[in-house]
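# Coordinate inspection notes
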Amino acid sequence: MHYSVIFAFIGFQEITVILIITVLIFGPDKIPEIARGLGEGVRAMRNATDEIKREVMKSAESIDPSGEIKEVQKSIENEISSAKKEIDDAMGPIKRN
């Protein structure tokens, strides 16, 4: 998620108030630990999302229907040509021009 999207709805004054309240509640010593924990959580979430994307793309690449479509197309063409040959053989000398 882009930070510009998050901060588009929050102004500078709101961010300042949130930071002041955070310092008052947790104290200045705990803020780096909290930020580090949040950073690790965001990183873990991003890694999990990337892993899910990789798995989906890998499974999508393994399912390639073009090979099956070409096989079906060849079998249909073979059936059409054999049916055409049978019709030509059955008609014999009665061919139209």
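Thresholds, definitions, all that
- Residues numbered from 1 in each chain as written.
- Predicted model: local features only at pLDDT ≥ 70, side-chain atom pairs only at ≥ 80, totals over all residues.
- Heavy atoms only, no water.
- Helix = DSSP H or I, 4+ residues; strand = E, 2+ residues; numbered from the N terminus.
- Buried < 20%, exposed > 50% of the residue type's maximum accessible area, 1.4 Å probe, protein only.
- Salt bridge = Lys/Arg side-chain N within 4 Å of Asp/Glu carboxyl O.
- Patch = residues over 30% accessible without salt bridge, like charges linked within 9 Å, V, L, I, M, F, W, Y side chains within 5 Å.
- Areas by Shrake-Rupley, 256 points an atom, 1.4 Å probe, with all protein chains shown as cover.
- Expected span 1.5 Å × (residues − 1).

### Focus: the overall build of the protein
Check the secondary structure of the protein and you find four helices and zero strands. Starting at the N terminus and walking to the C terminus, you meet the elements of the protein as α-α-α-α. Within the protein, the fraction of its 97 residues that count as buried is 1%.

### Here's the deal with the pattern of salt bridges
Applying the stated criterion to the full structure yields two salt bridges. Across the pair Glu 33 and Lys 30 runs a salt bridge whose closest N-O atoms are separated by 4.0 Å. Since its relative accessible area comes to 46%, Glu 33 is described here as partly exposed. The closest approach of N and O atoms between Arg 54 and Glu 51, which form a salt bridge, is 2.9 Å.

### Notes on a nonpolar patch on the surface
On the surface, Val 17, Ile 21, Ile 25, Phe 26, Ile 34 and Leu 38 cluster together to form a nonpolar patch covering roughly 570 Å² of accessible area. Where the nonpolar patch is concerned, the elements lending two or more residues are helix H2 (12-26) and helix H3 (31-62). Considering every element that reaches the nonpolar patch, the biggest residue donor is H2, with four residues. Among the structural elements, Leu 38 can be located in helix H3.

### Section: helix H4 (residues 66-91)
Spanning 26 residues, H4 covers 37 Å between terminal C-alpha atoms, matching the ideal 38 Å at 1.5 Å per step. With respect to burial, H4 is a largely exposed element, only zero of its 26 residues being buried. Looking at the residues trailing H4, positive phi occurs at Gly 92, about 50 degrees.

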